[in-house]
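Structural characterization, general
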Amino acid sequence: QVQLVESGGGSVQAGGSLRISCEVSGSILSINAMGWYRQAPGKQRELVALMNSGGSTGYVEYVKGRFTISRNNAKRTVDLQMNSLKTKNTTVYYCCVIVGNYGTAYWGRGTLVTVFS
């Protein structure tokens, strides 16, 4: 059974930084991509940052230059370093891994990030 456990969420003042982490456990033959999504109340989940197995990254436009995704393949962890945080970055962030030939997605339970002014 694949499990994703996020950590590192919390509260930070606008302009500050926060790092959230995700550890993947369970039987996985190959991880195609690891990433972070966000979901605000009443809205659809949307991609924030993604890194594929080759190390290529992609970011949603409004976090470029402020957020950095990194992964450790040996430890099967993926982190999101968030700098220059804004109040609109407040929401729940979800870790996601895409595995196998069929691109099956697994999700964590989410970690809340609150940015206050």
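Here's a quick rundown of the structure. (Residues numbered from 1 in each chain as written. Predicted model: local features only at pLDDT ≥ 70, side-chain atom pairs only at ≥ 80, totals over all residues. Heavy atoms only, no water.)

**Structural notes on the pattern of salt bridges**
Quick note on the threshold: Any Lys or Arg side-chain nitrogen found within 4 Å of a carboxyl oxygen on Asp or Glu counts as a salt bridge. Think of it in three bands: with a 1.4 Å probe and only protein chains considered, a residue is buried below 20% of the maximum accessible area for its type, exposed above 50%, and partly exposed in between.
Scanning all chains against the criterion turns up three salt bridges. Its salt-bridge partner being arginine 38, residue glutamate 46 comes within 3.3 Å of it at the nearest N-O pair. By relative accessible area, which is 34% here, glutamate 46 ends up partly exposed. Relative accessible area serves as the criterion here: at 10%, arginine 38 is assigned to the buried category. One salt bridge connects lysine 64 with glutamate 61, and the closest N-O pair in it is separated by 3.1 Å.

**Structural notes on the state of the cysteines**
The condition that has to hold: Note on terminology: pairs of cysteine sulfur atoms within 2.5 Å are recorded as disulfides. Helix and strand assignments follow DSSP, with helices taken as H or I runs no shorter than four residues and strands as E runs no shorter than two, numbered in order from the N terminus.
A complete count under the given rule lists one disulfide for this structure. Disulfide pairing places cysteine 22 opposite cysteine 95 at an S-S distance of 2.1 Å. Residues cysteine 22 and cysteine 95 are joined through a disulfide that is left-handed, its torsion about the S-S bond being -80°. Of this pair, cysteine 22 sits in strand E3 (residues 18-25) while cysteine 95 sits in strand E9 (residues 91-99), and the two are 73 residues apart along the sequence. We classify cysteine 22 as buried; its relative accessible area is 1%. According to the relative accessible area criterion, cysteine 95 is buried, its value standing at 0%. The thiol of cysteine 96 is not disulfide-bonded; the next cysteine sulfur, from cysteine 95, is found 7.1 Å away.

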